[in-house]
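# Architecture and fold: a report
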Amino acid sequence: MDSKKISLLEGILLILFALSIDAAQGLGGMAFASVFGSVFGLMAWIYGIFGWLFLLLYFWMKGSSLNNKGGVGGILGWMLGAGIIEAIPIINVVPGITLGVVMTIIKINMGVAV
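Predicted, not measured: the structure shown is a model, and the values here were computed from it. (Residues numbered from 1 in each chain as written. Predicted model: local features only at pLDDT ≥ 70, side-chain atom pairs only at ≥ 80, totals over all residues. Heavy atoms only, no water.)

### Some thoughts on the nonpolar core
Formed by 14 residues in total, the largest nonpolar core has its most connected members in Leu14, Leu55, Phe59, Ile97 and Val101. Mapped onto this core, the elements with two or more residues apiece are α1 (8-30), α2 (35-61), α3 (75-87) and α4 (96-110). (Core = buried A, V, L, I, M, F, W, Y, C linked by side-chain atoms within 4.5 Å. Buried < 20%, exposed > 50% of the residue type's maximum accessible area, 1.4 Å probe, protein only. Helix = DSSP H or I, 4+ residues; strand = E, 2+ residues; numbered from the N terminus.)

Take a look at the structure:
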């Protein structure tokens, strides 16, 4: 049996979920100028917050620490870094939450203290 904490299927589903959050936030940001877009933008923002919290809770329930003493933070460090990327106007085109999830999965599966 694998010693990995996150299986391939779990990893794929987590990455797809993170991509859906990034896509919703991207579409919500582009559509924010119209009347209906502002409602969609608000819904995308709420979806992003709850999705981000779900990912934090999921990784924490898998046994990873929220913060890693002596190094670049654990889950919280990667996810806050992703949130900062999403907050910068021009750089937010990059799927920051997806990058944070991928880096967290890699750290967990490599056995690095996360």
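Continuing now.
### Here we look at the environment of leucine 19
Structurally, leucine 19 can be placed in helix α1. In sequence terms leucine 19 and threonine 98 are 79 residues apart; their C-alpha atoms lie 5.7 Å from each other.

### With respect to α1
Residues spaced three or four apart along an α-helix face the same direction, because each turn holds 3.6 residues. The terminal C-alpha atoms of α1, which comprises 23 residues, lie 33 Å apart, in line with the 33 Å expected from a rise of 1.5 Å per residue. For α1, the complete set of buried residues consists of Gly11, Leu14, Ala18, Ile21, Asp22, Ala24 and Gly28. (Expected span 1.5 Å × (residues − 1).)

### Regarding the environment of valine 93
Note that valine 93 resides in the loop between α3 and α4. Between the C-alpha atom of valine 93 and that of glutamine 25, which follows or precedes it by 68 residues, the distance is 9.7 Å.

### Here we look at the packing of α1 against α4
In the contact formed by α1 and α4, the axes pass within 7 Å of each other and the chain directions differ by 160°. Comparing their axes, α4 and α1 come out roughly antiparallel. Read as a crossing pair, α1 and α4 show a hand that is right-handed. For the pair α1 and α4, the contacting residues are Gly11, Leu14, Ile15, Ala18, Leu19, Ile21, Asp22 and Gln25 in the first and Gly96, Ile97, Thr98, Val101, Val102 and Ile105 in the second. (Axes fitted to C-alpha atoms, helices over the stretch in contact; angles between N-to-C directions. Parallel < 35°, antiparallel > 145°, perpendicular 65-115°, else oblique. Left-handed = near helix turned anticlockwise from the far one by under 90°. Contact = heavy atoms within 4.5 Å.)

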